Amino acid sequence: MSLAEPTPKLAASDPPPARMPLFGMEKAGRKHPFPNIPPQAYEVPVLKVPTITGISYYVVSDPAGVKQVLLDKVANYPKTERERRYFSAMFGDGLLSTDGELWRTHRRTMAPSFSPPSVAAYAPAMAASALAFRTRWDQQPEGAEIEVAEAMTDLTLEIIARTMFSTDGASVSATVRHSMEGAMAELNMNLLDILPVIGDVRFRAREKRIAAVFAEMDADIARMIEDRKANPTDGPQDLLSRLIEARDSEGGETMSAKEIRDQVVTIFLAGHETTAATMCWVWYLLSQHPTVAARLQAELDTVLAGRPPTHEDLPGLTYTRMVVDEALRVYPAAPGISTRVALEADEICGMKIPKGGMVAIAPWILHRHKLLWDDPGRFDPERFAKDAPERPRFAYMPFGGGPKVCIGASLATTEVMLILATLAQRYSLELKPGHEVEVQQQITMRPRGGLPMILHRR
Ligand code: HEM
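Residues numbered from 1 in each chain as written. Predicted model: local features only at pLDDT ≥ 70, side-chain atom pairs only at ≥ 80, totals over all residues. Heavy atoms only, no water.

Our working definition: UniProt positions are given in the numbering used here, feature names are shortened, and annotations may be inferred rather than shown by experiment.
As recorded by an unreviewed UniProt entry, the protein chain carries the name Cytochrome P450 and is attributed to Phenylobacterium glaciei. Looking at the protein chain in UniProt, the text filed under Cofactor (unreviewed entry) is "heme".

Structure, rendered in structure tokens:
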């Protein structure tokens, strides 16, 4: 079945107008996460975009070109220094802000916590959190208004705290949220920030303000690490124990408190904000596509027959998975992965990339590219059906690609599936009448100003 219902309001195949007014960016940014990228980027394999600094960047949207940058020639394309500094302001030397040997050692240490057996082991805690959360909705009257963005943040934060750090989400929730919101607001850049000297002075001031915003959360994390060192757990190892016990393969040194803190902050923030945003977009899309919502609920009714979902049910929820995959196409929570810089001159799809050239790869653009998708603006889970035509591997990459692919990809899909199945089994959500959904791009892409919806019990 192919759905004719178009995605309303935020028309996906509706890139910004050809001429972009300098002072209209803020407004354009409410429809698109990248209002400064010209519309041709959605039509050609590689687009060269000049900037006011005189340095051009290259938007690469050809799957073979993307593979070249992220996988085949990954050593030639590290993250830019600017980007590294941007992430370091929040995450120190966490996975998101490092490259090279330090990154490799830490990624190796952390990988077992994200393996399929580990994710399967977390699933009961995820399912229990989703179920406990549902009982809160059970206490709401029919037709109650729910602030869905906040609700999903609470739930995903609790899940990350329980699964990764065996700690109670509620106790860290307020400080993590406060730090995250404060830091993201600080990282909103404007034209002054890319100027030499002035940009640097402004960034130093931001780094200081971000450190201040993080002080309370850092103190909480330091306490968490000290507690765990004093009282090691007997049960299966969580990420925190792994980080504390990790030794490097040569000197046998353990990680410093600062190194552990940087990874904990990275996982707390990268691990909940993205899944919360994804859940928001799933609810929004379902509210706009009643036929899809009905089919999803029918599958939940048939497969689960009224009982709450478990990890073992997930392979049977094929349509639910198609809905999640398509939502991650239309609204990838991380719409632009970091910009890379060419250490040596290269050629991508016939375009010469000079030494020092910046290369931008954006799932948002890839997922809406006219050469890669048929009617990219249409929300259609059938694109992900088993018998759908194959697509090139790097045409769809909500979790990035190559060695720096999202470490939490499988955890995230399991979590989103369990949350969606648990809640949609009993409830449907209607967008609050009159509310217009706009995007807000701050590292992740969320509905601007929240997502008010009306709760309906099935
Ligand atoms: C739907 C949810 C998620 C989406 C869309 C997402 C997306 C991404 C993307 C696109 C990247 C690559 C960034 C780049 O190359 O610059 C990334 C990296 C990363 N993600 Fe996720 N992510 C999600 C959930 C999670 C979760 C649940 C965790 C942890 C619990 C996590 C932790 C990380 C980390 C640590 C990295 C850096 C990996 C590295 O550089 O080695 N993410 N994510």
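Right, picking up where we left off after that structure.
### Overview of the packing of aromatic side chains
Filter applied, for reference: Think of it this way: a Phe, Tyr or Trp ring, Trp meaning its six-membered ring, pairs with another when their centres are within 6.5 Å, and the plane angle makes it stacked under 30 degrees, edge-to-face over 60, tilted otherwise. Helix and strand assignments follow DSSP, with helices taken as H or I runs no shorter than four residues and strands as E runs no shorter than two, numbered in order from the N terminus.
Using the criterion set out here, one finds 12 aromatic pairs in the structure. Measuring from ring centre to ring centre gives 4.9 Å for Phe165 and Phe268, while their planes differ by 40°; the resulting arrangement is tilted. Separated by 103 residues along the polypeptide, Phe165 in helix H6 (residues 148–165) and Phe268 in helix H10 (residues 257–288) bring together distant segments of the chain. When the centroid spacing of 4.8 Å and the interplanar angle of 55° are considered together, the rings of Phe384 and Tyr396 count as tilted.

### Quick notes on the UniProt feature "binding site: heme" (unreviewed entry) in the protein chain
Keep this limit in mind: The contact rule is simple, with two residues in contact once any of their heavy atoms fall within 4.5 Å.
Under the local residue numbering, the UniProt record ascribes the feature "binding site: heme" (unreviewed entry) to Cys406. In this structure, Cys406 sits in the loop between helix H13 (363–366) and helix H14 (409–424). Those residues in contact with Cys406 that sit more than four places away from it in its chain are Arg107 and Phe399.

### What about the pattern of salt bridges?
Here is the rule: Salt bridge, as used here: a side-chain nitrogen of Lys or Arg that lies within 4 Å of a carboxyl oxygen of Asp or Glu. For every residue, the accessible area obtained with a 1.4 Å probe (protein chains only) is divided by the maximum for its type, and the residue is called buried under 20%, exposed over 50%, and partly exposed between those limits.
Tallying each qualifying case throughout the model produces 30 salt bridges. Salt-bridge contacts for Arg329 lead to Glu326; the nearest nitrogen and oxygen are separated by 2.8 Å. Highlighted residues: Arg329 and Glu326, both in helix H12 (residues 318–330), separated by three residues, approximately one helical turn. Accessibility classification places Arg329 together with Glu326 in one group, the buried group.

### Some points on the environment of Pro124
Structurally, Pro124 is set in helix H5 (residues 116–138). Sequence separation of Pro124 and Thr310 is 186 residues, and the distance between their C-alpha atoms is 6.9 Å.

### Considerations on the packing of H12 against H14
Quick note on the threshold: In this analysis, axes come from line fits to C-alpha atoms, helices being fitted only over the stretch in contact, and the angle between any two N-to-C directions falls in the range 0 to 180 degrees. Left-handed describes a crossing whose near helix is turned anticlockwise from the far helix by less than a right angle; the clockwise case is right-handed. Note on residue categories: nonpolar means Ala, Val, Leu, Ile, Met, Phe, Trp, Tyr, Cys or Pro, charged means Asp, Glu, Lys or Arg, and polar means any other residue, Gly included.
With their axes 10 Å apart at the nearest point, H12 and H14 run at an angle of 120° to one another. As for how H12 packs across H14, the hand of that crossing is right-handed. Residues Thr320, Arg321 and Val324 of H12 form the contact with H14, whose own contacting residues are Thr413, Val416, Met417 and Leu420. The residue makeup of the contact of H12 with H14, split by class, is four nonpolar, two polar and one charged.

### A short note on the site of the ligand
Definition in use: Think of it this way: one heavy atom of a residue within 4 Å of a molecule or strand is enough to make that residue near it. Pairs of N or O atoms are called polar contacts if they sit within 3.5 Å, as long as, within protein, a hydrogen donor faces a hydrogen acceptor (for residues adjacent in sequence, only side-chain-to-side-chain pairs).
Near the ligand lie 29 residues; those nearest to it are Trp103, Arg107, Ser338, Lys404 and Cys406. Taking Arg107, its side chain carries an N or O atom lying 2.7 Å from an oxygen atom of the ligand. Here an oxygen atom of the ligand sits 3.4 Å away from a polar atom, N or O, in the side chain of Arg340. Elements with a contribution of two residues or more to the shell around the ligand: helix H4 (100–110), H10 and H14. If one sorts the elements of the shell around the ligand by residue count, H10 sits on top with seven residues. Across the shell around the ligand, the residue classes tally to 17 nonpolar, eight polar and four charged.

### Observations concerning unusual backbone geometry
Leave glycine aside and you will find that most residues have negative phi; peptide bonds, for their part, are mostly trans. Backbone geometry places Cys349, a non-glycine residue, at a positive phi of 50°. With respect to the element layout, Cys349 can be found in the loop between strand E5 (346–348) and strand E6 (351–353). Residue Cys349 is classed as partly exposed on the basis of its relative accessible area, which comes to 40%. Despite not being glycine, Asp375 shows a phi value in the positive range, around 50°. Position of Asp375 among the secondary structure elements: in the loop between H13 and H14.

### Focus on the nonpolar core
Worth spelling out the cut-off: Residues belong to one nonpolar core when they are buried, are Ala, Val, Leu, Ile, Met, Phe, Trp, Tyr or Cys, and are joined through side-chain atoms within 4.5 Å.
One finds Met152, Phe268, Leu269 and Trp283 to be the most contacted residues of the largest nonpolar core, which totals 115 residues. The element best represented in this core is H10, accounting for 15 residues. Aside from chain neighbours lying at most four places away, what touches Met152 is Phe133, Trp137, Ala276, Met279, Trp283, Ile419 and Leu423. Core analysis: the second largest hydrophobic core is formed by 16 residues, Leu70, Ile337, Ala342 and Leu366 among them.

### With respect to the sheet that holds strand E3 (residues 145–147)
Under the convention used in this document: One requirement defines pairing of two strands: DSSP has to find at least two bridges between them.
Judged by pairing direction, the sheet is antiparallel, and its three strands sit side by side in the order E3-E11-E8 without closing on themselves. Every other strand in the sheet has two partners, leaving E3 and strand E8 (427–431) as the edge strands with one partner each. Strand after strand, the sheet turns through a mean of 45° between neighbouring axes, direction not considered. Taken together, the five bridges between E8 and strand E11 (residues 452–457) define a ladder with antiparallel strand orientation. Residue pairing for E11: Leu431 is matched across the bridge by Met453. Contacts from H5 reach E3, E8 and E11 within the one sheet, and its direction differs from that of E8 by about 65°.

### Here's the deal with the confidence of the model for the protein chain
So the rule is basically this: Across the chain, each position has a pLDDT score giving the predictor's confidence in that residue, from 0 to 100.
Residue-level pLDDT values for the protein chain average 87, and 90% of them are 70 or greater. Per-residue pLDDT stays below 50 along residues 1–23; that stretch engages in 68 contacts with residues further than four places along the chain or on separate chains.

### Here's the deal with helix H2 (residues 63–72)
The complete set of buried residues in H2 reads Pro63, Gly65, Val66, Gln68, Val69 and Leu70. If you follow the buried residues of H2, they end up packed against strand E2 (56–60), strand E4 (340–341), E5, strand E7 (358–360) and H13. Of the residues that open H2, the one with a side-chain oxygen 3.0 Å from the backbone nitrogen of Ala64 is Asp62.

### Here we look at the environment of Gly449
As for its position among the elements, Gly449 is in the loop between strand E10 (444–447) and E11. Along the backbone, Gly449 and Glu438 are 11 residues apart, and their C-alpha atoms lie at a distance of 8.3 Å.

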